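An overview of the molecular structure
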Amino acid sequence: MKKILLMMAAVAMMVSCGNKQQTSDEPATDAAEGYTFSVQNNITGTTGPNCFLPQLGAPISFEVTGEGDILDVAATVKIKHSDKTEVKDARATSELWISGRQDDTRDTKIVLTADEDNQKKLVEWFGKPANEEVEITFKGRIPKADLDKLNAKECTNTLVF
């Protein structure tokens with residue numbers, strides 16, 4: 001009798017918990033769905049021939065898409081022109097470096113690059129007057145493991161012009 005009651009309880013629990021399977025009306029989930037990436041600080045430094053042009057401290061917003069071990073990352077930065085105006089030859093590509101210390105001997109670094117349209121927008125902005133703003137998006141395919149190491153941490157965020 002105990003076995004029958006135990007069996008009926010198990011069947012009832014399976015029915016109540018459901019054995020729900022994804023229907024065609026439900027969107028497929030991927031590894032990046034619900035994955036948010038952020039860093040604790042804004043732009044902390046600049047380097048390159050035109051490194052003096054942007055003011056430091058510009059916030060960074062991230063969008064992560066894709067699935068699997070490599071994810072697509074887009075970082076948008078709205079930078080403001082400093083009062084410096086002397087422009088040097090621009091790099092062929094501009095980058096955003098995000099790096100963080102893992103321990104005494106290792107850093108994790110990701111590199112995102114401005115595409116052709118964003119690079120053109122940036123070069124046009126170089127000659128603008130002080131306080132002029134431009135929004136630039138840097139993109140890259142980054143290992144999820146590297147994103148996990150930097151996520152929600154204080155990082156060194158460097159614009160490379």
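Preceding this section is the structure that the text describes.
This write-up is about the structure you can find in this document.

So, how was this worked out
- Residues numbered from 1 in each chain as written.
- Predicted model: local features only at pLDDT ≥ 70, side-chain atom pairs only at ≥ 80, totals over all residues.
- Heavy atoms only, no water.
- Pairing = 2+ DSSP bridges.
- Helix = DSSP H or I, 4+ residues; strand = E, 2+ residues; numbered from the N terminus.
- Axes fitted to C-alpha atoms, helices over the stretch in contact; angles between N-to-C directions.
- Contact = heavy atoms within 4.5 Å.
- Buried < 20%, exposed > 50% of the residue type's maximum accessible area, 1.4 Å probe, protein only.

**Comments concerning the sheet that holds strand E5 (residues 107-114)**
- Taken in spatial order, the seven strands line up as E1-E7-E4-E5-E6-E3-E2 in an open sheet, and their pairing is mixed. The open sheet has two free edges, formed respectively by strand E1 (45-47) and strand E2 (60-65), since each of these has just one partner strand. Put simply, the sheet's adjacent strands are angled 25 degrees from each other on average, direction ignored.
- Direction of pairing for E5 relative to strand E6 (residues 133-143): antiparallel, over a ladder of two bridges. Bridged to Thr-113 within E6 is Lys-139.
- Packing of helix H2 (residues 116-126) onto the sheet brings it into contact with strand E3 (70-80), E5 and E6, and relative to E6 it is tilted by some 145 degrees.

**Here's the deal with the environment of Ala-114**
- Within the secondary structure layout, Ala-114 lies in strand E5.
- Judged by relative accessible area, Ala-114 falls into the buried class, the value being 5%.
- Contact partners of Ala-114, with chain neighbours within four places excluded, come to Ser-94, Gln-119, Ile-136, Thr-137 and Phe-138.

**A short note on the pairing of E6**
- As paired elements, E3 and E6 share eleven bridges and run antiparallel to each other. Bridge pairing links Ala-74 to Lys-139 in E6.

**Here we look at the pairing of E2**
- Here E2 shows a clear split, with Ile-60, Phe-62 and Val-64 buried on one side and none of Ser-61, Glu-63 and Thr-65 buried on the other.
- Summarising the sheet, E2 and E3 pair through six bridges and their orientation is antiparallel. Among the inter-strand pairings, Val-64 is bridged to a residue of E3, identified as Val-73.
- Hairpin connection of E2 to E3: four residues between the antiparallel strands, including Gly-66 at a positive phi of 110 degrees.

Purely spatial values, then, with no claim about function.
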